[in-house]
Protein chains: 2
Amino acid sequence: MTDIAMIEAAARRAEGHIRRTPLLSSPFLDEIAGRRVFVKAECLQHTGSFKARGGWAAVSALPADRRAAGVIAYSSGNHAQGVARAAKLHGVPAVIVMPADAPRMKIDNTRALGAEVVLYDRAGEDREAIGAALAAERGLTLIKPYDEPQVIAGQGTCGLEIAEQAAAEGIGTADVLVCCGGGGLTSGIALALDARAPGLRARPCEPEGFDDTARSLAAGRIERNAAAAGSICDAIVTPAPGGITFPIMQRLCGPGLVVDDAEVLRAMALAFARLKIVVEPGGAVALAAALFRPEAIAGDTVICVATGGNVDAATYIRALAGD
Amino acid sequence: MTDIAMIEAAARRAEGHIRRTPLLSSPFLDEIAGRRVFVKAECLQHTGSFKARGGWAAVSALPADRRAAGVIAYSSGNHAQGVARAAKLHGVPAVIVMPADAPRMKIDNTRALGAEVVLYDRAGEDREAIGAALAAERGLTLIKPYDEPQVIAGQGTCGLEIAEQAAAEGIGTADVLVCCGGGGLTSGIALALDARAPGLRARPCEPEGFDDTARSLAAGRIERNAAAAGSICDAIVTPAPGGITFPIMQRLCGPGLVVDDAEVLRAMALAFARLKIVVEPGGAVALAAALFRPEAIAGDTVICVATGGNVDAATYIRALAGD
């Protein structure tokens, strides 16, 4: 299981390969939120999201002979690029199984990072069966997107940086809001903060209608989302928190926060105007919660993670035009 | 006159007040440029541009009693915000003289940073006369936007960071492309690189039709622009290089590079898609040169400074829609 030693080992393996992203702020955001707001800009990470951390951690942790055979992942988005980049820089093959109707740009980007993209029909084919057959045939190792100890350790390196950066800013206690899908990043950050900055508390943030983690934490058991799609926050829509990530979040996280799509778009526009960073909808959920759910947050300071910036121009224009 | 000791003193005074901005990159940009491209993301600086550096350096260098009386600047844009922020954090008054037809948001932002904004009629009034009268009456110190040794020293702190970050990336020789208006940033960076990374050479980048610095460097004497406005790169349109900045650039800089507005908009869209940073037109000129003037650049690596991100949504949407 992931622990602080595993996270710190992942951080050492990541040196020179993963960016230390900045902690940004703006007095204009502080005024909206009614407290100091710090934004961990993971959209500036390699591949445009924190997923580069988990991909690197998992691929770099494999025994050399197993790694040489290659890795495989299922993903239509950020995890695909994180795994593809890690495999490419390790000089090993990567196969990414993606739905045939994934955005063209995501398919192209994944291929440009050197991965072999295997497309499947979302309606008629089972991606797990396709992946399992390929993995068996070629000896590939499956890199799961969140319910995997080394991936959690990699995402946890973001939490180590937050602990250090918060200390440098003189922040002793604060809620740390994290955009949450399957819980890999939230649980990794929670583990890192628990060990290195116990005054900071991780809290998952989700879009309305896809608040499986918030409901699961409230209920004390894993609850599932009613729908599988329908949010603009596609990057963080998962059916339910993971079997490995949920117990960690249950032990260490504060209650979940939920925002609606309009608030997410406003947060994206404010990140544009005030921080000069490009944030995708799923990556703006935590900032939206920091700005628009002030009553649900304690303390004079809040930290939120802007988890990714892989958004198409049309969606981004929609966010800016509404501002 | 500004020298490396003055730049390093400015860097010490800036500690904790000015961000060390990241040096970003993307394999997709490398492919377009045909060499490695590194982008110094000064758009992530406080106030959204490198001008926070010069403003801080100038205000912090004043004797305490003179500073207490306050400062004044003429600016419709980034310099105004840099000076206003520095004055506010020093607890002293700032007066910013702005044209009455400046964009509402820039006036509001400058006021929100605590400055008193004095509006003048661009057609019928002389801003220098207004400023001189206010300065004399209240004992304010004028902070010029570029032709001022402490401002050049402050902008030079960006060059110190580039020298360190290039060394960390193993870059020994490279052109460093800088978006150039009056030459404060270009000359400051040139001085810092000359002292701390002599294999790196600063080169000014300008928009077509407003290439006063490139022409001045080629001619060996200061040449002026024919027009005073008409570029989308408003932040870096100045009549001519400064009397202090030009001799520094003449001594230390390589030839200037010139790009057109369409290339600037494409560079903005690529910074959005590949780096996840928001860059204003005047801040994208150097990246445009790195990407679209490969034949004018030597070596296998180029560094460019994305100098600012203060762009309105309408202009930004125009850049994204064209991509």
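Note that the structure is a prediction, hence the values are computed from the model and not measured.

Draft legend 1. Structural detail: the overall build of chain A. A tally of regular secondary structure across chain A gives 14 helices and 10 strands. Relative to the compact-globule value of 20 Å for 323 residues, chain A shows a C-alpha radius of gyration of 18 Å, a close match. With respect to the three principal axes, the spread of C-alpha positions in chain A is 55 × 40 × 40 Å. For chain A, restricting intrachain contacts to residue pairs at least 6 apart in sequence, the fraction spanning at least 24 positions comes to 75%.

Draft legend 2. Seen up close, the sheet that holds strand β2 (residues 36-41) of chain B. Residue and element names in this part refer to chain B. In spatial order, the strands read β1-β2-β10-β7-β8-β9; together these six strands make up an open sheet with mixed pairing. A single partner strand is all that each edge strand has here, and the edge strands are β1 (23-24) and β9 (257-259). As defined by bridge partners, β1 adjoins β2 across two bridges and the pair is classed as antiparallel. Paired with L23 across the bridge in β2 is K40.

Draft legend 3. Seen up close, the packing of helix α9 (residues 184-196) of chain B against helix α11 (residues 245-252) of chain B. Residue and element names in this part refer to chain B. Interaxial distance between α9 and α11 falls to 9 Å at its minimum, and their mutual angle equals 45°. Relative to α11, α9 is oriented oblique. As for the relative orientation of α9 and α11, their crossing is left-handed in sense. Contacts between α9 and α11 involve G184, T186, S187, A190, L191 and D194 from the former and T245, I248, M249 and L252 from the latter. Here the residues of the contact of α9 with α11 are counted per class, giving five nonpolar, four polar and one charged.

Draft legend 4. Spotlight on the sheet that holds strand β5 (residues 116-120) of chain B. Residues and elements named next belong to chain B. In space, the four strands of this open sheet follow the order β5-β4-β3-β6, with parallel pairing throughout. Here the strands that pair on one side only, and so sit at the sheet edges, are β5 and β6 (141-142). The pairing of strand β4 (residues 94-99) with β5 spans five bridges and is parallel. What sits directly across from V97, in β5, is V118.

Draft legend 5. Highlighting the relation of the copies chain A and chain B. The two copies are related by a screw motion: chain A maps onto chain B through a turn of 180° and a shift of 0.0 Å along the axis, at an RMSD of 0.0 Å. When the rotation and shift are considered jointly, the pair of chain copies conforms to a two-fold rotation axis. Proximity to the rotation axis, assessed at the C-alpha, singles out I277 of chain A in chain A; its C-alpha lies 2.3 Å from the axis.

Draft legend 6. Looking closely at the domain arrangement of chain A. Residue and element names in this part refer to chain A. Here chain A is partitioned into domain 1 (4-50 + 148-321) and domain 2 (52-142). Spacing between the C-alpha centres of domain 1 and domain 2 amounts to 24 Å. At the interface, 23 residues of domain 1 touch 16 residues of domain 2. Within the residue set of the side of domain 1 that touches domain 2, elements represented by two or more residues are α1 (4-14) and α8 (149-168). Tallied by class, residues from the side of domain 1 that touches domain 2 come to eight nonpolar, 12 polar and three charged.

Draft legend 7. Representation of the confidence of the model for chain A within the structure. Per-chain confidence: chain A averages 95 in pLDDT, with 100% of residues scoring 70 or above. Both confidence scores are given for the complex: pTM 0.96, ipTM 0.96.

Draft legend 8. Examining the nonpolar core more closely. Counting 224 residues, the largest nonpolar core has I277 and L287 of chain A together with I277 and L287 of chain B as its most contacted members. When sequence neighbours within four positions are dropped, the list of residues in contact with L287 of chain B reads V39, A267, A271, V279, C304 and A306 of chain B.

Draft legend 9. Region of the structure containing helix α5 (residues 78-90) of chain A. Residues and elements named next belong to chain A. Taking 1.5 Å per residue as the helical rise, α5 with its 13 residues ought to reach 18 Å, and the 19 Å between its terminal C-alpha atoms agrees with that figure. Among the 13 residues that make up α5, 10 are buried, leaving the element largely enclosed by the rest of the structure. N78, H79, A80, Q81, G82, V83, A84, R85, A86 and A87 are the residues of α5 that are buried. Looking at the buried side of α5, the elements it contacts are α3 (51-61), β3 (71-74), β4 (94-99) and α6 (104-112). One or two residues past the end of α5 sits G91, with phi positive at roughly 70°.

Draft legend 10. Highlighting the environment of S75 of chain B. Residue and element names in this part refer to chain B. When you line up the elements, S75 lands in the loop between β3 (71-74) and α5 (78-90). Under the C-beta neighbour-count criterion, S75 is labelled buried, with 24 such atoms within 10 Å. As a C-alpha pair, S75 and R127 span 52 residues in sequence and 9.9 Å in three-dimensional space. When neighbours within four sequence positions are excluded, S75 is seen to be in contact with A80, I96, M98 and P145.

Draft legend 11. Layout of helix α13 (residues 285-292) of chain B. When you tally the buried positions in α13 of chain B, you get seven out of eight residues, the bulk of the element. All of the buried residues in α13 of chain B are V285, A286, L287, A288, A289, A290 and L291 of chain B.

Draft legend 12. The arrangement of the pairing of strand β7 (residues 174-179) of chain A in detail. Residues and elements named next belong to chain A. Counting buried residues in β7 gives six out of six residues, a clear majority hidden from the surface. In β7, alternate side chains face the same way, and those of A174, V176 and V178 on one face and D175, L177 and C179 on the other are all buried. Relative to strand β8 (residues 200-207), β7 is paired through six bridges, and the arrangement is parallel. Paired with L177 across the two strands is R203, which belongs to β8. In the classification by handedness, the crossover that spans β7, the intervening helix α9 (residues 184-196) and the parallel β8 is right-handed. Relative to strand β10 (residues 301-306), β7 runs parallel, the two being bridged by four bridges. Looking at the pairing, D175 lines up with V302 of β10.

So, how was this worked out
Each residue is numbered by its place in its chain's sequence as written, counting from 1. For naming, the first written chain is A and the first written ligand is 1, with later ones following in the order written. Residue-level local features of this predicted model are given only where pLDDT is at least 70; pairs of side-chain atoms are given and counted only at 80 or more, and the full residue set underlies all totals for whole chains, interfaces and linings. Starting at the N terminus, helices and strands are each numbered in turn, a helix being any DSSP run of H or I of at least four residues and a strand any DSSP run of E of at least two. For the radius of gyration, the atom set is restricted to C-alpha positions; the globular benchmark scales as 2.2 Å times the number of residues to the power 0.38. Residues are scored as being in contact if the C-beta atoms we place from backbone atoms lie within 7 Å. For two strands to be treated as a pair, DSSP must find no fewer than two bridges joining them. Axis lines are fitted to C-alpha atoms, over the contacting stretch for helices. Their N-to-C directions set the angle, which ranges from 0 to 180 degrees. If an angle is under 35 degrees, it is roughly parallel; if it is over 145, roughly antiparallel; if it lies from 65 to 115, roughly perpendicular; otherwise it is oblique. Note: crossing handedness is left-handed where the near helix turns anticlockwise from the far helix by less than a right angle, and right-handed where it turns clockwise. For this classification, the nonpolar set comprises Ala, Val, Leu, Ile, Met, Phe, Trp, Tyr, Cys and Pro, the charged set comprises Asp, Glu, Lys and Arg, and every other residue, Gly included, is treated as polar. Here the copies are matched by least squares. The fit uses the C-alpha atoms of residues with pLDDT of at least 70 in both. What counts as a domain boundary in this text is fixed by an automatic or database domain assignment. The predictor rates its confidence in each residue with pLDDT, a number between 0 and 100. By definition, a nonpolar core groups buried Ala, Val, Leu, Ile, Met, Phe, Trp, Tyr and Cys residues that connect through C-beta atoms lying within 7 Å of each other. Three exposure classes are used, all based on how many other C-beta atoms lie within 10 Å of a residue's own C-beta (placed from the backbone): buried at 20 or more, exposed at 12 or fewer, and partly exposed between those limits. One less than the number of residues in a helix, times 1.5 Å, gives the span that helix is expected to have. When the strands point away from the viewer, a crossover counts as right-handed if the route from the first strand across the helix to the second turns clockwise.

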